[in-house]
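A closer look at the structure
So the chains spell out like this:
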Amino acid sequence: MSPRRAANRRARPRSRAACLDWALGLGLALCLASLSACDDGDRSDAGRYLVATSLRSNQPQRSTAVLVDSPFSAQFGGFVSNPDLWIPSGCAPLEATGVLSAVEDERFVALEPGEGTLEILTVLTTCTNAPEFQGAEPDRWTVHAHTLDEASAVWAFGDDDLAGSLSPGPALTFPEALGQLRGVDEGPIPVVAGSPFSFSPTLALAGADGLVELRHDSDSLQLELEPHDESLRLRNPDGTPRLRIEGALVEGDSVESSVLVFDQELPLPAIEAVPLASVERLELVPAYFRSPDDRRPWGAPAGLLATGFDAEGRRVYGLPTSWTVTRGHQRAAASPSADILQLGASCVEPTDEAQARTVEVEVRVGALIETATFEWTALPGDIDPETTELPLCDPPPGCACTSTGASSDSPHRAGAGLALIGLAALYRRRRRRRRRRRLQPRRASAASS
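It should be emphasised that the depicted structure is a prediction, and the values quoted were computed from it without experimental measurement. (Residues numbered from 1 in each chain as written. Predicted model: local features only at pLDDT ≥ 70, side-chain atom pairs only at ≥ 80, totals over all residues. Heavy atoms only, no water.)

Here leucine 221 is to be found in strand β14 (residues 221–225). In this structure leucine 221 touches Pro201, Thr202, Leu203, His216, Leu243, Val259, Leu260 and Val261, once residues within four positions along its chain are discounted. (Helix = DSSP H or I, 4+ residues; strand = E, 2+ residues; numbered from the N terminus. Contact = heavy atoms within 4.5 Å.)

Attention shifts here to the sheet that holds strand β24 (residues 322–327). Note: strands within a sheet are paired through backbone hydrogen bonds, in either parallel or antiparallel orientation. Ordered by their spatial adjacency, 3 strands build an open sheet running β24-β27-β28, and the pairing between neighbours is antiparallel. Both outer strands of the open sheet, β24 and β28 (368–378), are each paired with one neighbouring strand and no more. Averaged over all adjacent pairs, the angle separating strand axes in this sheet is 25 degrees, with direction ignored. Here β24 pairs with strand β27 (residues 355–365) via 5 bridges, running antiparallel. Following the sheet pairing, valine 325 is matched in β27 by valine 361. (Pairing = 2+ DSSP bridges. Axes fitted to C-alpha atoms, helices over the stretch in contact; angles between N-to-C directions.)

On to the nonpolar core. By size, the foremost hydrophobic cluster in this structure holds 37 residues, and its most contacted members are Phe199, Leu203, Ile245, Val259 and Ile271. Among the elements that make up this core, the one with the highest residue count is strand β12 (residues 197–207) (4 residues). Setting aside anything within four residues of it in sequence, one finds isoleucine 245 in contact with Trp155, Phe197, Ser198, Phe199, Leu223, Leu225, Leu232, Arg233 and Ile271. The next biggest cluster of nonpolar side chains, apart from the first, holds 27 residues, and it includes Ile87, Cys91, Leu100 and Val143. (Core = buried A, V, L, I, M, F, W, Y, C linked by side-chain atoms within 4.5 Å. Buried < 20%, exposed > 50% of the residue type's maximum accessible area, 1.4 Å probe, protein only.)

To continue, consider the side chain of arginine 215. Among the structural elements, arginine 215 can be located in the loop between β13 (210–214) and β14. A polar contact is formed between the side chain of arginine 215 and the backbone oxygen of serine 63, at a distance of 3.0 Å. Not counting chain neighbours up to four residues away, the residues in contact with arginine 215 comprise Asp42, Thr53, Leu55, Arg56, Ser57, Arg62, Ser63, Ala65, Val66, Leu67 and Trp141. (Polar contact = N/O pair within 3.5 Å; in protein donor to acceptor, adjacent residues only side chain to side chain.)

Bringing the state of the cysteines into the picture now. As enumerated under the stated definition, the model contains 1 disulfide in all. The side chain of cysteine 91 participates in a disulfide bridge whose partner is cysteine 127; the two sulfur atoms lie 1.9 Å from each other. Of note, the bridge from cysteine 91 to cysteine 127 carries an S-S torsion of about -85 degrees and is left-handed in sense. Taken together, the positions of cysteine 91 in the loop between β4 (72–79) and β5 (95–98) and cysteine 127 in the loop between β8 (114–120) and β9 (139–146) put the pair 36 residues apart, joining distant regions of the chain. The burial state of cysteine 91 is the same as that of cysteine 127; both residues are buried. (Disulfide = S-S within 2.5 Å.)

Set out below in structure tokens:
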């Protein structure tokens, strides 16, 4: 698609409202793995504000590199200190400077290589006279534009972006393996034969510490697959293709593909199916919800990502996992992508005071066994009492269950993913509703404000 055609298509910035669509399309059960694909957005340079954009992001640390001639939507996303405060569209217009130019309201494009910024709170409205904006200082969001000839096409593993908006908890940092992009010259990407995997194509630049994502709007890329691999392509309900593949391969099979960007074709790394026995090392990555409460450095458990590696240290994707909650009680459900286990506390009685809690989860991949321990402080309000009556473990009401505790066609197992989506979304909507301010986004001049 040409830049001109892309400019005429108005893509909506990513937000938590898009989380359900993302999770359903990817096949993951919870916004867990992508509270980053459905999160608040990029942080401004000084870390005060959030900018919600339609730029794709597949790495835990969001890149500031953007593609020249790829129009994208962007709007003020709120305050880092209070991300749940509802801010209506148009409340705080962004002003483009440098190589960035406004295409239309809340839509911008980098016209040439170089530095560009979106200035925040330099254009005032009657909306910004509200108490929430009192004392708010101007800030900016800076990007660095690059041309396509500097980029290569790579695959990104969607589950890795959990690190973008979740907390590593007591580990303090997520492993470096999360979010690493693999280029064509690094050889095929191994996936376990017969086990589901999911990848998204993206662009990357060579950086000092490896490949860095070159961010772009979805309209700028087109995924090209061989006819016999078309069944792997995910599609929207209306049949339009998505920038994601999902499925499983027979041992020895491979996927050859490319992306089309502005009529230029770039090859993607091959994906090849390998035997489960090639996974020789297993590492578990616990993830917690972030917490704004000073009584705890991180929130309740959000989920667990299993990462496997072969004898050469290459990461192997699509691990067929089985798991058991061996200590404590926690709502748990394995996602269709196999690598992810979603956790939730809604099967546990709410607490009236701060309470230390611990849960241990044992994960098996073939002959490999590892245990992850979750430690956190539960607070009043973590759990909505209205949701504690929904059992997802078999048999209810206990949640110290296993991945084999219910048959594959059990309604508890089949409904686990969608119910977790609903519970996560319900919790955030109710919390946001309690804190929402109905600000009116009527425009006014800076002088009259």
